[in-house]
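Here is how the chains run, residue by residue.
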Amino acid sequence: MSEPLTTSADDVLTVVAEALPAWLPSQRWFGGKHREITGVRPVAATTLLDGDPLLVHLVVDVEQGDHSSVYQLLVGSRRDQLPDVAASASIGALGEHTLYEASGDADLTATLLDLVVDGADLGDLSFRTEPGAEVEKGLRAHPITSEQSNTSLVYGQQYILKLFRKLVTGDNPDLRLHRALREVGCTHIAEPLGSVTGTLDGEPATIALLQRFLPDAADGWVMATTSVRDFMADPGSDPGELGGDFGGEAERLGAAIATVHADLDRALGTESVGQDDLDATVSAMAERLARVAAEVPELADHVPALEQIFQQVADLPTPLDVQNVHGDLHLGQVLRTLSGWIVLDFEGEPAASITERQELRSTLRDVAGVLRSFDYAAQQMLVGEEPDESMAERAMVWAEHNRSAFCDGYAAVAGSDPRDQEVLLRALELDKAVYEVGYEHANRPDWLGVPLASIARLVSQEDS
Amino acid sequence: MDDPTTRSSNTESPAPDHALEGLDDTPHTGESVEADGTLVEPQAGDFEHHQQDAPQPDWFKSAVFYEVLVRAFADSNGDGTGDLKGLTSRLDYLQWLGVDCLWLPPFYASPLRDGGYDISDFRAVLPEFGTVDDFVELLDEAHARGIRVITDLVLNHTSDAHPWFQASRNDPDGPYGDFYVWSDDDSKYPDARIIFVDTETSNWTYDPVRGQFFWHRFFNHQPDLNFENPAVREAMIDVLRFWLDLGIDGFRLDAVPYLFEEEGTNGENLPRTHEYLKEVRATVDREYPGRILLAEANQWPSDVVEYFGDPAVGGDECHMAFHFPLMPRIFMAVRRESRFPISEILQQTPEIPDGTQWGIFLRNHDELTLEMVSDEERDYMYAEYAKDPRMKANIGIRRRLAPLLENDRNQLELFTALLLSLPGSPVLYYGDEIGMGDNIWLGDRDAVRTPMQWSPDRNAGFSRADPGRVYLPPIMDPTYGYEAINVESQQGSPTSLLSWTRRMLAVRKQHEAFALGEFVDLGGSNPSVLSYKRVWTRPNGDEDVVLCVNNLSRFPQPVELELADHEGATPVELTGRVRFPRIGELPYLLTLPGHGFYWFQLSELGDQGERRSMS
Ligand SMILES: Nc1ncnc2c1ncn2[C@@H]1O[C@H](COP(=O)(O)OP(=O)(O)OP(=O)(O)O)[C@@H](O)[C@H]1O
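Cut-offs applied
- Residues numbered from 1 in each chain as written.
- Chains lettered and ligands numbered in written order.
- Predicted model: local features only at pLDDT ≥ 70, side-chain atom pairs only at ≥ 80, totals over all residues.
- Heavy atoms only, no water.
- Helix = DSSP H or I, 4+ residues; strand = E, 2+ residues; numbered from the N terminus.
- Rg over C-alpha atoms; globule rule 2.2 N^0.38 Å.
- Buried < 20%, exposed > 50% of the residue type's maximum accessible area, 1.4 Å probe, protein only.
- Contact = heavy atoms within 4.5 Å.
- Areas by Shrake-Rupley, 256 points an atom, 1.4 Å probe, with all protein chains shown as cover.
- Lys, Arg positive; Asp, Glu negative; His and termini not counted.
- Charge placed at Lys NZ, Arg CZ, Asp CG, Glu CD.
- Salt bridge = Lys/Arg side-chain N within 4 Å of Asp/Glu carboxyl O.
- Buried area = accessible area lost by both parts, 1.4 Å probe.
- Polar contact = N/O pair within 3.5 Å; in protein donor to acceptor, adjacent residues only side chain to side chain.
- Pairing = 2+ DSSP bridges.
- Phe/Tyr/Trp six-rings, centres within 6.5 Å; stacked < 30°, edge-to-face > 60°.
- Lys NZ or Arg CZ within 6 Å of the ring centre and 35° of its normal.
- Axes fitted to C-alpha atoms, helices over the stretch in contact; angles between N-to-C directions.
- Core = buried A, V, L, I, M, F, W, Y, C linked by side-chain atoms within 4.5 Å.
- Domains from an automatic or database assignment.
- Nonpolar A, V, L, I, M, F, W, Y, C, P; charged D, E, K, R; others polar.

This paragraph deals with the overall build of chain A. Tallying secondary structure elements over chain A gives twelve helices and 18 strands in all. For chain A, whose C-alpha radius of gyration is 24 Å, the value lies close to the compact-globule estimate of 23 Å for 464 residues. Expressed as lengths along the three principal axes of its C-alpha atoms, the size of chain A is roughly 80 × 50 × 45 Å. Going through the 464 residues of chain A one by one, you find that 53% of them count as buried. Sequence-distant contacts in chain A: of pairs separated by 6 or more residues, those separated by 24 or more amount to 66%. Surface exposure of chain A reaches about 19700 Å², of which carbon and sulfur atoms provide 49%. Within chain A, the 77 negative side-chain charges are centred at a point lying 3 Å from the centre of the 33 positive side-chain charges.

What follows is the structure, given as structure tokens:
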């Protein structure tokens, strides 16, 4: 059989689709690791760079029983001179050509940026810069190393291109909210510079988002845990007096989040919701609680108290203001830069299901998210250690100090203190904690104690 | 308070030089008075001149400065007080250490009510320090060792004991009548703030002799000179000429923002002040090329840059200015284990003209100045560094470096490494190179002005006077006392702080990038690690790049550095010349011990570097 001189995008798609059931579970961005892959259906293939090496963009539909999700892949094909990419990147072979996941191949990924700057249209894909954005061509990229559910490529320390691994049709909130915030001049975002859009089932789907990269940034989680580390090493000190105090940063973060909320309101407006929505919110919370409690016996003791706290939400006065929010805010989604705090990733909750989409779009949801994150940061050092009462207490002190500094900062900008909306804030925080209990139980049993401790504390505050 | 004005009654005014002390047998201002009332002043020609070498205009950009208090360094005549001859006798030590320029706070004749900044004669030396001839000898000996000397000069005001002021108050119509800012009432310039809020209630003080109020931005015994008067402007330039003729290498100009006052303004940084500085600078450039002016303006860098003058001509006011806010930020960054306090202030620091340089310091003779931090930061600094109220002065903290850092050698080294590698010419404070302590029980600012500790001998080897006569007792506590901490023992030990400091100065000198290179903050995902490079392009086009990585945390840290611009280069550690793994396309991984730091040269030379390090 004679060797084809070049490989075509469709050949690549066929081979890759066959190899994927075995290969996908080894990729850290693959979200469906817990179910068996029952089939991979090729959807589309687009040649981005022709010849040898070849770069193709693939879309595949991954079926897992009754469940299916669409993913995108960048696949490189080379006959020889394989680039220095991880062994796990190798997917298969097509004749003498090796096929591999190409996001680590800087020679190939440079193409993506160039296509965006050129405003190219290839197959279904359209590459665009944002109006007025000036983007430089010809930069090489490498993927960021942090744990991620998408794949982000950094171009010459100037731009970051996020390839959404899992594709959904319709409005991509990350792109939509970034655009809206750019429009009103929000200073707390990484400026959106361009995007790639494709089609899925005849509808547009966002493939990638290009943003300004902030090389001076450190993420909020690392900043906060630095402070915790310092605090834990000095038993007996007060967190506000500590060298590594995070209170000032927490306060500035609160102010930044309140500013983003105000900017979102300015850009996209506020609506009000009535009793029906409150009732729906309460039942979503109660359903989640029931579902998680059925799987996690440790939660049982708290169920009655939690139900009662959720129920109080139904009695809140209506109408209630809602607006666009971040939706999945935590310390890992914020970056400290030299000019202040930046908020990333407006995708919303990654695993948002139908019920969750009904969730109340209240700014307090984001506040609750950050408050939960302070608890996590405080307790992360205790995970996997022998239980230690005094350390646990110290963790609580740290969390309380920074939670309150965050609310102070938020209140100073928003003009009203989130803590004054106690009923809703507590319910949202506890709802989030219940979600965490379910998640940790399934994925990281060592961490289960973190949300459980928070629930115990919040519930007992209610009693007193 | 012995105010001479209350003693002098009006029948016959006292001689203008009556308030000078100890200068009877020495040339001084006002030793005689001409018929028109002009005071006779000493001239440089009256003294033996020092000859300057050919000027090297940019020397200050790469110099290491050393602030030394004449009183505190060495006592040559056994009277218990340090003096110029004593300092001269210790120049070998300073040369050995690697110092390029001495900065002497004022050594002029003075009633010493403000640490010598209250100058009563610009043309005479404080008698206990010696004479003008001793100063010329110091210049000779320093220059012979390649060390330059600059000193403070207060342009804004004089002591009320200055013969000019005495002449001005006694003879309003005489040649000095307009030398100061006089007014019939105290209502003018209400928008100028009072700087010394602890002691002063007004910027105006009534003088019963002249029957008018005089203006003073600082203490009420320091009347402001009237720079509106052309004779004053010229007289002050003549003061500069006097010392420049004798061979001095430059001046730190004190309190420059306040020279002029103007109704409806705060009296700071006025355009006329800048005009005058340009005039002073033009005189220096024309008549004394290679000598420098350093501005003391305790303000934000964005305001201080004004004192460098016009960037289009490379700067036409002061050659140097202190960067005040950097120092407290270094302290904050290490306590917070966060690079942001330092990175932020450097990012907010504007570009400076080509022909200028910042002066940076960790400590100086004043307290740890906290004027340039926010209220929140100031509270924090007090909480961290001044636990005892005695450690606090006005708005500062009076402590030396070693006690501020709890004598932790790792931190002392980290701070010094930052001082030597951040942008600007470093200014060391005498004694910090051996880790001297302070004595917070001494009043005012004396805590950090105790005698230099030379040896474990009596009086720390500073003076052969009876211990009771030494101007301040040397530090004697078990940790910082002179028996434990002194030059003699540290010179003999290769691992001492002194030997380490000397090595670091030598390394710094080998790489002009530290002095002249562009500062590039490398950011990075670990907030506890401050990394930056200094990039200097030599006149021949070669690049000299040094990479500095500092762990601000007490815990060990990993860091991934984005060095793709230097792919293929080999980092060579500068103190031991050890070669590190080559830089590839991916982030460069380093690990640092708690409070550790690295200085690397990014050698593009490949194997050549190897050969050099093996030879
Ligand atoms: N503009 C930027 N500048 C600097 N770093 C960035 C930028 N955008 C993202 N990062 C880094 O990349 C990480 C991941 O980014 P992001 O949250 O957008 O990706 P994601 O795949 O949606 O993440 P997750 O899986 O956590 O939802 C961030 O935590 C941050 O460290």
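All names here are of chain B. Within the secondary structure, Asp118 sits in the loop between strand S3 (108-109) and strand S4 (121-125). The side chain of Asp118 is buried and forms no salt bridge, while Arg113, the nearest opposite charge, is found at 5.7 Å. When near neighbours in sequence (up to four residues on either side) are disregarded, Asp118 contacts Ala109, Ser110, Pro111, Leu112, Arg113, Ser159, His221 and Gln222.

Counting residues at the interface gives 26 residues for chain A, matched by 27 residues for chain B. Across the interface of chain A and chain B, roughly 2000 Å² is buried in total on both sides, 48% from carbon and sulfur atoms. Between the two partners, chain A and chain B, sit five salt bridges. Its salt-bridge partner being Glu337(B), residue Arg229(A) comes within 3.0 Å of it at the nearest N-O pair. Here chain A and chain B share twelve residue pairs in polar contact (both at pLDDT 80 or more) between them. Put simply, the parts of the chain that give the side of chain A that touches chain B at least two residues each are helix H4 (220-232), helix H5 (247-268) and strand S17 (334-337) of chain A.

Residues and elements named next belong to chain B. As paired elements, strand S7 (residues 204-207) and strand S8 (residues 212-215) share four bridges and run antiparallel to each other. Residue pairing across strands places Tyr206 opposite Phe213, the latter belonging to S8. Count of turn residues in the S7/S8 antiparallel hairpin: four residues, of which Gly211 carries a positive phi of about 75 degrees.

Enumeration over the complete set of coordinates arrives at 53 aromatic pairs over all chains. Pairing Trp103(B) with Phe322(B) gives two aromatic rings, centres 5.4 Å apart and planes at 45 degrees, and the pair type is tilted. Residue Trp103(B) is found in strand S2 (residues 101-104), and its partner Phe322(B) is found in strand S11 (residues 320-322); the two are separated by 219 residues along the sequence. Take Phe322(B): its relative accessible area is 2%, and that puts it in the buried class. Within the aromatic cluster, the residues linked to one another by ring pairs are Phe47(B), Phe107(B), Tyr108(B), Phe122(B), Phe135(B), Trp164(B), Tyr176(B), Phe179(B), Phe242(B) and Trp243(B). Residue placement shows Arg165(A) over the ring face of Trp29(A); its charged tip is 3.8 Å from the ring centre. The residue whose ring lies beneath Arg339(B) is Phe340(B), and the NZ or CZ to ring-centre distance is 4.6 Å.

This next bit is on the environment of Gly481(B). All names here are of chain B. By the element assignment, Gly481 lies in the loop between strand S16 (425-429) and helix H15 (487-491). Separated by 137 residues in sequence, Gly481 and Glu344 place their C-alpha atoms 38 Å apart. Setting aside its immediate chain neighbours within four residues, Gly481 contacts Gln453, Ile475 and Met476.

Another point: the sheet that holds S7(B). On the basis of which strands lie adjacent, the open sheet formed by three strands has the order S6-S8-S7 (chain B) and antiparallel pairing. Bordering the open sheet on either side are strand S6 (182-183) and S7 of chain B, each of which pairs with just one other strand.

Residues and elements named next belong to chain B. With antiparallel pairing, five strands are arranged side by side in an open sheet as S17-S18-S19-S23-S21. Because the sheet does not close on itself, it has two edges, and the strands there are strand S17 (518-521) and strand S21 (570-573). The sheet shows a mean angle of 30 degrees between the axes of neighbouring strands, taken without regard to direction. Looking at chain direction, strand S19 (residues 543-551) and strand S23 (residues 597-603) are connected through five bridges and run antiparallel. Residue pairing for S23: Leu547 is matched across the bridge by Phe600. Sheet strands in contact with helix H14 (residues 409-421) are strand S18 (529-537), S19 and S23, and its direction is about 35 degrees off that of S23.

All names here are of chain B. Judged by nonpolar contacts, the single largest core of 154 residues is most densely connected at Tyr66, Tyr93, Trp164 and Trp243. When residues are assigned to domains, this core turns out to be shared by domain 1 (59-158 + 229-508) and domain 2 (518-610), each giving three or more. Discounting residues that sit within four places of it in the chain, Trp164 has contacts with Thr29, Leu39, Glu41, Phe122, Thr158, Tyr176, Phe179, Tyr180, Leu225, Ala235, Met236 and Val239.

Moving on to the pattern of salt bridges. If the charged atoms of two oppositely charged side chains come close together, the side chains can form a pair. Residue and element names in this part refer to chain A. Per the counting criterion, the structure on display carries 67 salt bridges over all chains. In this structure, the salt-bridge partner of Arg336 is Glu249, at a minimum N-O distance of 2.8 Å. With a gap of 87 residues between them, Arg336 in strand S17 and Glu249 in helix H5 connect regions that are remote in the sequence. Given the relative accessible area of 9%, Glu249 is considered buried. A salt bridge links Arg266 to Asp263; its shortest N-O distance comes to 2.8 Å. Highlighted residues: Arg266 and Asp263, both in helix H5, separated by three residues, approximately one helical turn. Of the residues examined, Arg266 reaches a relative accessible area of 54% and is grouped as exposed. Each of Arg372, Asp375, Glu400, Arg403, Glu429, Glu436 and Arg457 takes part in one network of salt bridges that share partners.

Right, let's talk about the domain arrangement of chain B for a bit. Residue and element names in this part refer to chain B. Each assigned domain of chain B is listed here: domain 1 (59-158 + 229-508) and domain 2 (518-610). Placing a centre on the C-alpha atoms of domain 1 and another on those of domain 2 gives a separation of 31 Å. Contacts between the two partners involve 24 residues from domain 1 and, on the opposite side, 25 residues from domain 2. Summed over both partners, the interface of domain 1 with domain 2 comes to about 1900 Å²; 65% of that surface belongs to carbon and sulfur atoms. Between the two partners, domain 1 and domain 2, sit one salt bridge. The salt bridge partner of Arg554 is Glu337, with a shortest N-O separation of 3.5 Å. Our count for the domain 1 to domain 2 interface comes out at nine residue pairs in polar contact (both at pLDDT 80 or more). Ranked by residue count, the leading element in the side of domain 1 that touches domain 2 is H14, at eight residues. Class assignment for the residues of the side of domain 1 that touches domain 2 results in 14 nonpolar, five polar and five charged.

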